[in-house]
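Close look at the chain arrangement
Letter by letter, the chains look like this.
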Amino acid sequence: MQQNVQEIQGLYGAFSVSERLLQKIWLRQDAAFSGAISRSGKKIEVLHVGRWNHGAGPDFKAAHLRIDGLSVQGDIEVHFYESDWQAHGHHRDANFDQVILHILLFPPKAQIRAAQTLGGRQPECLVLLPLLDGDLEAYASDEALRDLESMQHPDWMGYLLNQSQASCWQQIRTAAQARWQQKVNFARKRLESTNWSEACHQLCLEVLGYRHNRAVMGRFALRYPFAGLRVDSHAAEVWFAAFSQDWVTVGMRPSNQPKLRLQQYQQLLLRSPDWPLALQKILGDCPTFSADLSTRQFRLAAQLAKLMQLIAIELMGATIPRGKLDAIICDAMLPLAEAAELLDAYPYWLHWPHANCPEGILNCVRKTQLTNREYPLSNGMVQGVLAFAMRH
């Protein structure tokens, strides 16, 4: 069955999303479906998601829902837009007569005709986007990683495996550079709306919350701005309680629990109350190097181990675990430094040690034989593989 694919604009630029991903979100109930309210105002309860249909006809067969308390059995169809129903010819196809729920990624426009079956019935309509517990880009990233970790090679992996090592590395590096530029553009927009310290405060917290609690961390940073932020040994408890109804805690690893992340940030502020300005000076003093150096050459020339020690221990006092700190540096601080014109940060971002790297990406790197003595695993390599996967 041919899959519809859309280019979606995310935080760091465009990425590809297929209807299959949306179907998997329904299949896994990886969103707040049960108890959701349809477009007509009816409460939807999911008793059985149905049988995933990989052939012609609705996406899910024989689902069982309770709609406003009434038990209903039938089929489920998933689309990006309301207009896809007619564009795909479902309105004149009897195979879709038993559809009871039409799931859309995006809210329908007022002028678009509602989905209607051949028999003249209008299925209930549910909009997916507000029900997601994270941003869609994170779902797409997770799905790309699942593909990497599966026994079957995704199509794009087969394409890379058929390339020469030099060609493969060049394409991964091109994808990494594009992702870097997207991150810098995002950081630049943030600096257009606030100052360096507030931008560091906001983005650091958002990375600490990634992926399930990034939005909540963002709201926290706005309610508790860096300027005038009061911190004591109980601050994290107060911060956590202020958003007690919003945090996602179920199914998360202990190390990713939001209260722990807030406690780590509290310790950072107690250790280094002016950490954004101190980091600004550290990054501003970094020398410039060519991005054409190999990873080994760059790390030696830039004394990267010494710089990492300076930031992790002397500035932040080991308050944030190393893997998460690397993510903060690569996803937030280095793009901000580039946007603020503190330094040419791309070579640092490219050759910085990778943050906690999903096993799927490690598998891809091993199979494509990207790493060697001159090019050990790096942030740029990880970001490039992920960017390539998300665009293909």
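If you're wondering where the values come from, they're calculated on a predicted model, not measured in any experiment. (Residues numbered from 1 in each chain as written. Predicted model: local features only at pLDDT ≥ 70, side-chain atom pairs only at ≥ 80, totals over all residues. Heavy atoms only, no water.)

This part takes up the overall build of the chain. When helices and strands are counted, the chain shows 16 helices and 9 strands. Over its C-alpha atoms, taken along the principal directions, the chain stretches across nearly 70 × 55 × 35 Å. The 392 residues of the chain split such that 52% are buried. Taking the contacts inside the chain whose residues are at least 6 apart along the sequence as the reference set, 65% of them involve residues at least 24 apart. (Helix = DSSP H or I, 4+ residues; strand = E, 2+ residues; numbered from the N terminus. Buried < 20%, exposed > 50% of the residue type's maximum accessible area, 1.4 Å probe, protein only. Contact = heavy atoms within 4.5 Å.)

Of the positions making up helix α8 (residues 235-242), those classed as buried are Ala235, Ala236, Trp239 and Phe240. Along the axis of α8, the buried positions cluster into a sector of 130°, meaning they face one direction only. (Arc of directions from axis to C-beta.)

Here we take up the pairing of strand β4 (residues 43-48). Strand direction decides the pairing type here: strand β3 (residues 36-37) and β4, joined by 2 bridges, are antiparallel. Its bridge partner being in β4, isoleucine 37 is matched across the sheet by lysine 43. The antiparallel pairing of β3 with β4 creates a hairpin that spans 5 residues between the two strands, and glycine 41 there sits at a positive phi of about 95°. (Pairing = 2+ DSSP bridges.)

Okay, the nonpolar core next. Burial of nonpolar side chains together is a common tendency in soluble globular proteins. Among the nonpolar cores identified, the biggest contains 64 residues, and Tyr265, Trp275 and Tyr348 are the most heavily contacted of them. For this core, the leading source of residues is helix α13 (residues 322-339), giving 11 residues. Ignoring any residue separated from it by four or fewer positions in sequence, one finds tryptophan 275 in contact with Cys200, His201, Cys204, Phe226, Tyr265, Leu268, Leu269, Leu315, Met316 and Met333. Phe60, Phe80, Cys364 and Val365 belong to the second-largest nonpolar core, a separate cluster that totals 54 residues. (Core = buried A, V, L, I, M, F, W, Y, C linked by side-chain atoms within 4.5 Å.)

Let us now look at the packing of aromatic side chains. The geometry of an aromatic ring pair is captured by two quantities: the separation of the ring centres and the angle between the planes. The final tally for this structure, using the stated rule, is 19 aromatic pairs. Arranged with centres 5.9 Å apart and planes meeting at 45°, the rings of tryptophan 180 and tyrosine 346 form a pair that is tilted. On the criterion of sequence distance, the pair formed by tryptophan 180 in helix α5 (residues 165-193) and tyrosine 346 in helix α14 (residues 346-351) is long-range, its members being 166 residues apart. Owing to a relative accessible area of 3%, tryptophan 180 belongs among the buried residues under this scheme. Measuring from centroid to centroid gives 5.0 Å for phenylalanine 298 and tyrosine 348, while their planes differ by 90°, and the two rings are edge-to-face. Taken together, the residues span a long stretch of sequence, with phenylalanine 298 in helix α11 (residues 295-301) and tyrosine 348 in helix α14 at a distance of 50 residues. Judged by its relative accessible area of 0%, phenylalanine 298 is buried. Of the residues examined, tyrosine 348 reaches a relative accessible area of 1% and is grouped as buried. (Phe/Tyr/Trp six-rings, centres within 6.5 Å; stacked < 30°, edge-to-face > 60°.)

Glancing now at the pattern of salt bridges. Going through the model one piece at a time under the given rule, you end up with 11 salt bridges. Of the charged contacts in the structure, one is a salt bridge between glutamate 124 and lysine 42, with a shortest N-O distance of 3.4 Å. Of the two residues, glutamate 124 is situated in strand β9 (residues 124-127) and lysine 42 in the loop between β3 and β4; the sequence distance between them amounts to 82 residues. Two residues, lysine 61 and aspartate 75, come together in a salt bridge whose shortest N-O distance is 3.6 Å. Of this pair, lysine 61 sits in strand β6 (residues 60-67) while aspartate 75 is found in strand β7 (residues 70-79), placing the two residues 14 residues apart along the sequence. (Salt bridge = Lys/Arg side-chain N within 4 Å of Asp/Glu carboxyl O.)

Let us now look at helix α12 (residues 304-315). Taking 1.5 Å as the rise per residue, α12 with 12 residues should run 16 Å; its terminal C-alpha atoms sit 15 Å apart, in good agreement. Regarding α12, the residues found buried are Leu304, Leu307, Met308, Ile311, Ala312 and Leu315. The buried residues of α12 occupy one face: seen down the axis, they fall within an arc of 125°. Exposed side of α12, more than 90 degrees from the buried face: Ala305, Lys306 and Glu314 are the residues found there. At the C-terminal side of α12, glycine 317 shows a positive phi close to 60°. (Expected span 1.5 Å × (residues − 1).)

The next thing to look at is empty space enclosed by the protein. All chains considered together, the criterion is met by 3 cavities of 30 Å³ or more. Computed from the structure, the second largest cavity encloses a volume of approximately 40 Å³. What lines the second largest cavity is simply Leu208, Gly209, Tyr210, Asn213, Met252, Asn256, Pro258, Arg261 and Lys324. Of all the secondary-structure elements, those providing two or more residues to the lining of the second largest cavity are α6 (196-209) and α9 (258-271). In terms of residue class, the lining of the second largest cavity is made up of 4 nonpolar, 3 polar and 2 charged. (1 Å grid on protein atoms, 1.4 Å probe; cavity = no way out; pocket = protein on both sides within 12 Å on 5 of 7 lines; lining within 4 Å. Points joined across faces, edges and corners; volume = space filled by probe spheres on them. Nonpolar A, V, L, I, M, F, W, Y, C, P; charged D, E, K, R; others polar.)

Take asparagine 379: it is sitting in helix α16 (residues 379-391). Under the relative-accessibility criterion, asparagine 379 is labelled buried at 4%. Beyond its immediate stretch of four places on either side in the chain, asparagine 379 contacts Cys330, Trp349, Leu350, Trp352, Pro353 and His354.

For the rest of this paragraph, the subject is the packing of helix α10 (residues 275-284) against α13. Viewed as axis vectors pointing N to C, α10 and α13 meet at an angle of 65°, and their least axial separation amounts to 11 Å. The two elements α10 and α13 cross, and the hand of that crossing is right-handed. In this structure, α10 uses Trp275, Leu279 and Leu283 to contact α13, whose residues at the interface are Met333, Leu334 and Ala337. Residues that form the contact of α10 with α13 fall into these classes: 6 nonpolar, no polar and no charged. (Axes fitted to C-alpha atoms, helices over the stretch in contact; angles between N-to-C directions. Left-handed = near helix turned anticlockwise from the far one by under 90°.)

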